[in-house]
Amino acid sequence: MNGNETINRQILLVKRPQGRGVASADLEITESGCTEPGEGEVRVRVIYISIDPATRLWMNENPPVVPPMPLGQVVPSMGIGIVAFSNDIDLPVGTLVHGFVGWQTFITCKSSDLTVLPPAPSLPLTAHLSLLGPIGLTAYFGLLDLAKPRPDETLLVSGAAGAVGSLVGQIGKIQGCRVIGIAGGQEKCRYLVNELGFDGAVDYKNEDVGERLAALSPNGIDVYFDNVGGAIHDAVVPHLKEFGRIVYCGEISSGYETSKVTSKISSLDIIVKALKLLGLRVDLYYGRAAEAVPWLAYWALSGQLKHRVHVIEGLENTPEALNMVFAGKNQGKMVIQVSPEPAQAGLASSSISMVI
Ligand SMILES: NC(=O)c1ccc[n+]([C@@H]2O[C@H](COP(=O)([O-])OP(=O)(O)OC[C@H]3O[C@@H](n4cnc5c(N)ncnc54)[C@H](OP(=O)(O)O)[C@@H]3O)[C@@H](O)[C@H]2O)c1
């Protein structure tokens, strides 16, 4: 952890990665003096960095949606920090903030680039990067706004033991659906059924996905929430029912080595079963966060929605943490802890007022 408030440690992208994940030659760790904040600017001590599979996609030469990540600059990423120095009276020292902090120990930026964290009593600070942050919004809106599952329907989710997938499955259960998860390994599959209350699980690393789906859900699947794409997607398509919906959330099986999609579906499949293919981009829902966050917090506080956060300490471990996500070695939402939390950070008060 970096206790020195004038030195900034940064991880720069110096070479575009080839293949899955990142290699040490793609990145460089540097140390330099912190930039002095100008008028209306603040210096933030980074506490947590969010590890997101899409970061690997953004490192490619021609990524979708965002401009290419410039070489020689800090790897961008969401995170949480605390204002350490302020030139803006509206954002005083000690304020907890959320924003694109990047892979570094301090960031100097305009205060308007940051969002003040609302208090989330009884939830850990990391919940703002998982349950109450983009992960929770992805699960909530992807399932409820796009797929709109009905209580009598069967929901299948891949990447089911991960950050997004575990929330999707549990929200599906809250809606009254029958829920099946696909995950890698027996331990993760046991977790889905025994801890999260899924109705069934498929261990794609040791079982034939198509055969297991036929056994677990002989009448077919109504909604497939696809976090992984590739061969698993292709094995699921024949099991979709008439009027089935696929929410395309992620393509992590491709390793995001290029922007090319590896899943296959024919127009005849879509026509014959009258399928709906639904593309999900969580950033398009940020403006509607206030609809979802109270429900996510309420379900978590009432014990209906469990979420795991996998914390690894030390900025220098950030690249390895990204690689662990691509290898399925994470247990829930992966975050890097760069510096200590302030005391009582997640416990602002003992009661919560929510509009639900
Ligand atoms: N559309 C959006 O706006 C949006 C927003 C957020 C996230 N996403 C996407 O949602 C997905 C999940 O993201 P997350 O942050 O919640 O990560 P996560 O699920 O916590 O971690 C990724 C998981 O993917 C699984 N995985 C890795 N390689 C795989 C492969 N070859 N085949 C099948 N599964 C594989 C691993 O689980 P196993 O151990 O089970 O293999 C790993 O734990 C990602 O594809 C991400 O890009 C999309």
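The preceding data block contains the structure.
Residues numbered from 1 in each chain as written. Predicted model: local features only at pLDDT ≥ 70, side-chain atom pairs only at ≥ 80, totals over all residues. Heavy atoms only, no water.

### A closer look at the overall build of the protein
Across its full length, the protein carries 9 helices and 16 strands. In summary, the protein has a C-alpha radius of gyration of 21 Å against a globular reference of 21 Å for 356 residues, a match within 12%. By its C-alpha atoms, the protein is 60 × 50 × 35 Å across when sized along the principal axes. By residue count, 53% of the 356 residues in the protein fall in the buried class. For the protein, the exposed surface amounts to about 15,700 Å²; the carbon and sulfur share of it is 54%. If you average the places of the 28 positive and of the 35 negative side-chain charges in the protein, the two averages end up 5 Å apart. (Helix = DSSP H or I, 4+ residues; strand = E, 2+ residues; numbered from the N terminus. Rg over C-alpha atoms; globule rule 2.2 N^0.38 Å. Buried < 20%, exposed > 50% of the residue type's maximum accessible area, 1.4 Å probe, protein only. Areas by Shrake-Rupley, 256 points an atom, 1.4 Å probe, with all protein chains shown as cover. Lys, Arg positive; Asp, Glu negative; His and termini not counted. Charge placed at Lys NZ, Arg CZ, Asp CG, Glu CD.)

### Concerning the sheet that holds strand E10 (residues 178-183)
The sheet built from 6 strands is open, its strands ordered E11-E10-E9-E12-E13-E14 with parallel pairing. If you trace the sheet from one side to the other, it starts and ends with strand E11 (200-203) and strand E14 (276-279), each paired once. For this sheet, the mean inter-axis angle between neighbouring strands, taken without regard to orientation, is 15 degrees. One ladder, built from 5 bridges, connects strand E9 (residues 154-158) with E10; its direction is parallel. (Pairing = 2+ DSSP bridges. Axes fitted to C-alpha atoms, helices over the stretch in contact; angles between N-to-C directions.)

### With respect to the pattern of salt bridges
Under the counting rule described, the total for this entry stands at 14 salt bridges. Among the salt bridges present, the one from Lys 173 reaches Asp 199, with a minimum N-O distance of 2.8 Å. In this pair, Lys 173 sits in helix H3 (residues 163-174) while Asp 199 sits in the loop between helix H4 (186-195) and E11, placing the two residues 26 residues apart along the sequence. Residue class for Lys 173 comes out partly exposed when judged on its relative accessible area of 29%. Classification of Asp 199 by relative accessible area gives partly exposed; the value is 39%. One salt bridge connects Arg 212 with Glu 207, and the closest N-O pair in it is separated by 3.3 Å. Owing to a relative accessible area of 30%, Glu 207 belongs among the partly exposed residues under this scheme. Sharing partners across several salt bridges, the network here consists of Arg 9, Glu 31 and Glu 316. (Salt bridge = Lys/Arg side-chain N within 4 Å of Asp/Glu carboxyl O.)

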